[in-house]
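Coordinate analysis (summary)
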Protein chains: 2
Amino acid sequence: MNFNTALYTDLYQLAMGQAYYLKGKHRTQATFDYFYRKAPFEGGFVLFCGLEDALEWLENVSFSEEDLQYLSDQGFDKGFVEYLAGFKFTGTVKSVAEGDVVFPFAPILTVTGPVVECQIAETFLLNCLNFQSLIATKASRIRYIAGEDKILAEFGLRRAQGYAGLQASRAAFVGGFDATSNVLAGKTFRVPITGTMAHAYIQSYDDELTAFRDFAETHPDNCVLLVDTYNTLKSGIPNAITVAKEMEKTGKKLIGIRLDSGDLAYLSKAARKMLDDAGLSYVKIAASNQLDEHVIRSLREQRAAIDIFGVGTNLVVGHENAALDGVYKLCSFEDKPRIKISENLKKMNFPGEKQVYRYFNDDGQFVADAITFETLEAPGSMAHPFEPHKRMPLRPASARPMLKAVMKDGKRLFPERSVRDIAMAAGENLRQLPDEHKRFDFPHVYKVGLSREMEQLRDRLKEEKLKESES
Amino acid sequence: MNFNTALYTDLYQLAMGQAYYLKGKHRTQATFDYFYRKAPFEGGFVLFCGLEDALEWLENVSFSEEDLQYLSDQGFDKGFVEYLAGFKFTGTVKSVAEGDVVFPFAPILTVTGPVVECQIAETFLLNCLNFQSLIATKASRIRYIAGEDKILAEFGLRRAQGYAGLQASRAAFVGGFDATSNVLAGKTFRVPITGTMAHAYIQSYDDELTAFRDFAETHPDNCVLLVDTYNTLKSGIPNAITVAKEMEKTGKKLIGIRLDSGDLAYLSKAARKMLDDAGLSYVKIAASNQLDEHVIRSLREQRAAIDIFGVGTNLVVGHENAALDGVYKLCSFEDKPRIKISENLKKMNFPGEKQVYRYFNDDGQFVADAITFETLEAPGSMAHPFEPHKRMPLRPASARPMLKAVMKDGKRLFPERSVRDIAMAAGENLRQLPDEHKRFDFPHVYKVGLSREMEQLRDRLKEEKLKESES
């Protein structure tokens, strides 16, 4: 399946493209901001993910002959289809880094270029960035609650949303997972893969002990035994202990056992004791079965003896949200700042080409983000975006600009970053985010505000538009 | 991105494969059943979708040289990797038809073949069938509540889970949608595409009326105007009426207006009246903005004047579930029936190679499904699968077998069906499903049961396994 076609977009992008083209405005410069309004999972942040895929798509996207024929058949204007034959993305992209922690309403990525190019790119950018950021954020929550000492394995491919399984595995790794069961993801992104056996393997034998023995013999260096096919405490663990002892005689060690049903807190503690009593304290305990950050929190509270968490469905589909509400809004056209009016202030966007400054405290922790124009320095104070009476002083000397040019004239400015590098950077960024923004219940709201100049322009444009639409 | 590689699987499939290979059992015949346990959306059924993709994958799957090198690098046994070099799927697949309505616990698809082939196929089959069936089911619920007279458009690509956007559009069409905004899906699956303009187009103009005029001029035959950028009732609809009247003078007709925010019930009724008063009763009203089957039900109750529903996020991610719990369980190995024991009867599976018979009443409506062995005729009665005292008489003369061979020796037995044909068949099948199983609140449970022979074997194997694991 070739997703590098510009047809992987919404029809209205092309319909608007035709309108611009026929009016001679298709080359008019526009700027769009990508941002989100509400953090998923009732949390306080998003871990930005998917930029590498987005840049690769932008650098390679085109319409094939077959695509153009299809558009002609759909009734598109002949001249417009000819224009699309030479289509490529020639714009500029500024973005926070992949693996950065980002907050509601602050631009994460901006696209500047001929309006038709910006519009055709919109759908793929939203599709790619919304999903991967959602999953990376979910993964980071699971890592946060599991702790740095646990091994986290992503097992979601069978319940992932179709082809999204590949991107989900990548995003889970960026968000802090150690390995995936998805072999194609392992090869594509050079991340560790993991997995040993299913119940079917045990069932294919007349008895569990022989199944375990054969598996240990054929996987002497990476043997994890699934112990819940018949009866975890009476059959599975005793048989695993027998095999572990037999492995010791050949100089090998059983890596672990896996629990996949029942009460994981109770069973893991019982299993730990049985293994320890047998002198097998090195054998790790893995657990899986409908895990998410809330179940893992509960397991930790109960002091479950689990070393490895296998997380599937809830991670790779981003349950409960399943979608991030990221949007892509026009903020400049023909060098004029633009906004959309709404009775709901939160549904408006901020005008003009922007920079976001992040402020740090003396411990290097995030304090606040201020949105201003890209031509301005870091402001010394900011206003709440929707409650203008709330103002906050800021220390410009501690500020760093978040948006950096990553693509110019349609060409990437930096070489591709490895998924491993992005994951390491993400871990570092998450450490700089204070815990009160990471907690699950009513996280403290991270402050994002507007510079005085941004606030003033937004209010002036709003007044003008309201007057026009009511006149 | 090439998803036709056998690497798009879980590592444990290959780990088990190596164990079977080294023990000389990789060619042993096995049968697996695909089924689900709980209908999504608190509903009563699933609309089966994704079979064509599954068969295409099975017919073409292989390991490339690069894939094999990767597996060698991961430490797989040399002999096993050599075996994989010649890997293809050579098994038999029986399945219900794509577009069939299916119920919990009844096998939907069965795979018989050399055990390693069946295992490697598991992950893709689950990934593909679970997701597309989830979305087709969601779409069918939306069609059910919207009614046959409404136009349903799928607008989800920007919030779809990455590459899954393509499969989501296909499944939405199978489930009863009329069109998609996803241009690549339109081309790939030959389904209608739809879409006109975003707010950004209006904002790029200094005034809304000029934006509308230019769009109508450049899309004289398919113009739908988005009317909520500034003020729906005071600006958007009056401007749309002006343009519609201007179009009439050139012999053209405005197709519709689109509402994308605010109270859709109130605004649609106000819009209808304004359009009708202007002599524009032919102009249709489209609505979008976080729609799903529940919002559409409420809009219908309020007699909203909406002709076209544009449904995005909630459809294409299958909210609230985001995943179907379909599983793939070993039921036969080396010609011996197999089960997995569980303290929870519902987590057990049924043994042996099966057929599912569906019984009809005199009006051609579905009555019940009975699970039996594939060598047996339609039974004259069945037992509840988990409450054996509940029995039900059946009329064998009204029964039809559901599972039919669709692939033999790794080759498809029938030519590919078009998405349009599948959607038509799905519509017909849904009409045969009584309304009490389609309602949203506490749907009546459709009866799925076991023939006496199936019940007896399941109980006998369970007793045997329990005795073994406790001895």
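Residues numbered from 1 in each chain as written. Chains lettered and ligands numbered in written order. Predicted model: local features only at pLDDT ≥ 70, side-chain atom pairs only at ≥ 80, totals over all residues. Heavy atoms only, no water.

If you look chain A up in an unreviewed UniProt entry, it shows as Nicotinate phosphoribosyltransferase from Sinomicrobium oceani. Regarding chain A, the relevant UniProt record gives this comment under Catalytic activity (unreviewed entry): "5-phospho-alpha-D-ribose 1-diphosphate + nicotinate + ATP + H2O = nicotinate beta-D-ribonucleotide + ADP + phosphate + diphosphate". The UniProt entry for chain A carries this comment under Sequence similarities (unreviewed entry): "Belongs to the NAPRTase family." (UniProt positions renumbered as here; feature names shortened; annotations may be inferred.)

Further remarks concern the overall build of chain A. Each helix and strand in chain A was counted, giving 15 helices and 21 strands. Each of the three principal axes of chain A carries a C-alpha extent, and together these read 85 × 55 × 40 Å. Burial statistics for chain A: of 471 residues in total, 65% are counted as buried. Contacts in chain A between residues at least 24 apart in sequence constitute 74% of all its contacts with a sequence separation of at least 6. On chain A, roughly 17,500 Å² of surface is accessible, and the fraction owed to carbon and sulfur atoms is 50%. Each charge sign in chain A was given a centre, from 59 positive and 64 negative side chains, and these centres are 3 Å apart. (Helix = DSSP H or I, 4+ residues; strand = E, 2+ residues; numbered from the N terminus. Buried < 20%, exposed > 50% of the residue type's maximum accessible area, 1.4 Å probe, protein only. Contact = heavy atoms within 4.5 Å. Areas by Shrake-Rupley, 256 points an atom, 1.4 Å probe, with all protein chains shown as cover. Lys, Arg positive; Asp, Glu negative; His and termini not counted. Charge placed at Lys NZ, Arg CZ, Asp CG, Glu CD.)

For the rest of this paragraph, the subject is the sheet that holds strand E8 (residues 224-226) of chain A. Residue and element names in this part refer to chain A. The strand order E7-E6-E11-E10-E9-E8 describes an open sheet built from six strands, whose pairing is parallel. The strands lining the two open edges of the sheet, one partner per strand, are strand E7 (179-180) and E8. Here strand E9 (residues 256-259) pairs with strand E10 (residues 284-287) via four bridges, running parallel. Along E10, the bridge assignment pairs Ile257 with Ile285. (Pairing = 2+ DSSP bridges.)

Here we take up the domain arrangement of chain A. All names here are of chain A. Each domain of chain A was delimited in the assignment, giving domain 1 (11-136 + 323-470) and domain 2 (139-316). Between the C-alpha centres of domain 1 and domain 2 the distance comes to 39 Å. Between domain 1 and domain 2, the residue contacts involve 25 residues of the former and 24 residues of the latter. For the pair domain 1 and domain 2, the summed buried surface comes to about 2,100 Å²; carbon and sulfur atoms form 61% of the total. Area buried by domain 1 at its contact with domain 2 is led by Ile135, Val419 and Phe440, which between them contribute 35% of it. Counting across the interface, domain 1 meets domain 2 through two salt bridges. For Arg297, the salt bridge goes to Asp441, with nearest N and O atoms at 3.4 Å. Linking domain 1 to domain 2 there are nine residue pairs in polar contact (both at pLDDT 80 or more). (Domains from an automatic or database assignment. Buried area = accessible area lost by both parts, 1.4 Å probe. Salt bridge = Lys/Arg side-chain N within 4 Å of Asp/Glu carboxyl O. Polar contact = N/O pair within 3.5 Å; in protein donor to acceptor, adjacent residues only side chain to side chain.)

What follows is about helix H10 (residues 232-249) of chain A. Residue and element names in this part refer to chain A. For H10, spanning 18 residues, the distance from its first C-alpha to its last is 24 Å, which sits close to the expected 26 Å at 1.5 Å a residue. Turning to H10, its buried residues are Thr232, Ser235, Gly236, Ile237, Asn239, Ala240, Ile241, Val243, Ala244 and Met247. The N-capping residue of H10, defined by a side-chain oxygen 3.4 Å from the backbone nitrogen of Leu233, is Asn231. Remark: Gly251 follows H10 within two positions and exhibits a positive phi of approximately 80°. (Expected span 1.5 Å × (residues − 1).)

Residues and elements named next belong to chain B. Counting across every chain of the model gives six cavities of 30 Å³ or more. Of the volumes computed, that of the largest cavity is approximately 50 Å³. Residue lining of the largest cavity: Asp33, Phe35, Phe105, Pro107, Met348, Asn349, Phe350 and Lys354, and that is the complete set. Here the lining of the largest cavity is composed, by residue class, of five nonpolar, one polar and two charged. (1 Å grid on protein atoms, 1.4 Å probe; cavity = no way out; pocket = protein on both sides within 12 Å on 5 of 7 lines; lining within 4 Å. Points joined across faces, edges and corners; volume = space filled by probe spheres on them. Nonpolar A, V, L, I, M, F, W, Y, C, P; charged D, E, K, R; others polar.)

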